[in-house]
Amino acid sequence: MGCNESSRPWHRHSVASWSVVQTEDITSISMRRLFAILVLFAAVPASSSRVAAAAPGQVSVRAHGVKLTLTVPRRVYPQNALIAVHVSLRNVSRRTIWEAPMVVGYCYRVDFLVDVLDTKGQPLSPLPPAPGPYPPCPAPLPYPLHPAQTLSRTVFVVLLAGRLRATANVNTLSGTRNYAGMDLVTPVVTVTLHPASAPAVTVQTPSNTVAVVAKPPDAKGPLRYEQWSICGVGGARVLTWSTAASSSVDAGCLQPREWHLVAGWVNYPVAFVNMKSPTASIVLTPPFSATPYTIHVGEVLEVKVLLLGPGEDVADADSAYLRLLSTAAIGAEPVRYDWRWQALKTGNTQITINRQYPSGLQYVIRLHIVP
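Nothing here was measured: the structure is a model prediction, and the numbers come from that model.

1. Considerations on the nonpolar core
Next, step 1: With 30 residues, the main nonpolar core has Leu70, Ile83, Val85, Val114 and Leu164 as its most contacted residues.
Next, step 2: In contact with Val114, other than residues within four places in its own chain, are Leu70, Val85, Val87, Val155, Val157, Leu164, Arg165 and Ala166.
Next, step 3: Ile282, Phe288, Tyr293 and Tyr363 belong to the second largest nonpolar core, which has 21 residues in total.

This is the structure:
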């Protein structure tokens, strides 16, 4: 045949073997042709749709010279789990794009928002809205995102539902001296949620009111939390995810009028605390009656006094009958003092308020505490 048989080992096979090898060769030729056809199809530009779903757990949107991508690490989580998702904004243009942080809560600045959506597409929050007034916040300055540069952030969310969406704000007038911010929103990522128990939480009052959260056996990393509370003095406003030094979170005062806390470890269900102290049974303002006021054990008494001049009023009460919950100076000067006491046991007692102005003026509030 004029061929080197050592280079064609299949020549040593029988005729039947030849037929098999020949068939395999034809098949490999067909596969190569099919591969070439697939390569040609791959080279054809895809649809011009600006929204694309990538790998499982990842979606992106491309507009205004940038690409916004939301990545969820897993597709199955416990219900109400705290998870960390990844959001990135990449400049895919040849010019500098300006990205503007967004302002949330009490002047917190965030580069991206990640919303957990209900079945109607409305954002869900693990905390009720914090009460105002909110301070005026200066608009955050946008910063440049140069060609091929990527801004990446880790964002924490609680899976109250299984649908997530990311938002960024970009300048649609990049290349000019003007700024026109526009929200860029990704498609929705859907995850599957399975029932799971929340960690146990215990509320204690050693000095301030504290919530102690039981750590799941396999959980790693620190306890993360958000909270807000209303106190006569002090209180808490932590409306972005923060790290606790231990497994406990302080409400910011001994007896908060209202306290809302969500806390947990990444990839595990969170614990919730939603507390409201009893509504004050009596709110007293001058002039005070000479007849004793009747109040029940456990009820709360609020006293509000306007300041008539400089100095601070001093209130005195018997701690065996009344526990001081809070003292608040209201207003910038201040212009009013508020006190809150809780009745502890039955009996007759009184509260004495010594006015600093005019000097020597004294208020006496007589109380009759009943079961």
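2. A few points about the sheet that holds strand β23 (residues 271-276)
Across a sheet, strands are paired by hydrogen bonds formed along the backbone, either parallel or antiparallel in direction.
Next, step 1: What the four strands build is an open sheet, ordered β20-β19-β22-β23; its pairing is antiparallel. The open sheet is flanked by β20 (237-243) and β23, the only strands paired with a single partner. Direction aside, neighbouring strands of the sheet carry axes that sit 10° apart on average.
Next, step 2: Relative to strand β22 (residues 258-264), strand β19 (residues 224-230) is paired through seven bridges, and the arrangement is antiparallel. Bridge pairing in β22 links Gln227 to Leu261.

3. Details of the side chain of Glu226
Next, step 1: Here Glu226 lies in strand β19.
Next, step 2: Buried charge without a salt bridge: Glu226, with Arg224 as the nearest opposite-charge side chain at an N-O distance of 11 Å.

4. Some thoughts on the pairing of strand β5 (residues 82-91)
Next, step 1: The buried fraction of β5 is high, at seven of ten residues.
Next, step 2: Looking at chain direction, β5 and strand β12 (residues 150-158) are connected through nine bridges and run antiparallel. Bridge pairing links Leu82 to Val158 in β12.

Parameters and conventions
- Residues numbered from 1 in each chain as written.
- Predicted model: local features only at pLDDT ≥ 70, side-chain atom pairs only at ≥ 80, totals over all residues.
- Heavy atoms only, no water.
- Core = buried A, V, L, I, M, F, W, Y, C linked by side-chain atoms within 4.5 Å.
- Buried < 20%, exposed > 50% of the residue type's maximum accessible area, 1.4 Å probe, protein only.
- Contact = heavy atoms within 4.5 Å.
- Pairing = 2+ DSSP bridges.
- Helix = DSSP H or I, 4+ residues; strand = E, 2+ residues; numbered from the N terminus.
- Axes fitted to C-alpha atoms, helices over the stretch in contact; angles between N-to-C directions.
- Lys, Arg positive; Asp, Glu negative; His and termini not counted.
- Salt bridge = Lys/Arg side-chain N within 4 Å of Asp/Glu carboxyl O.

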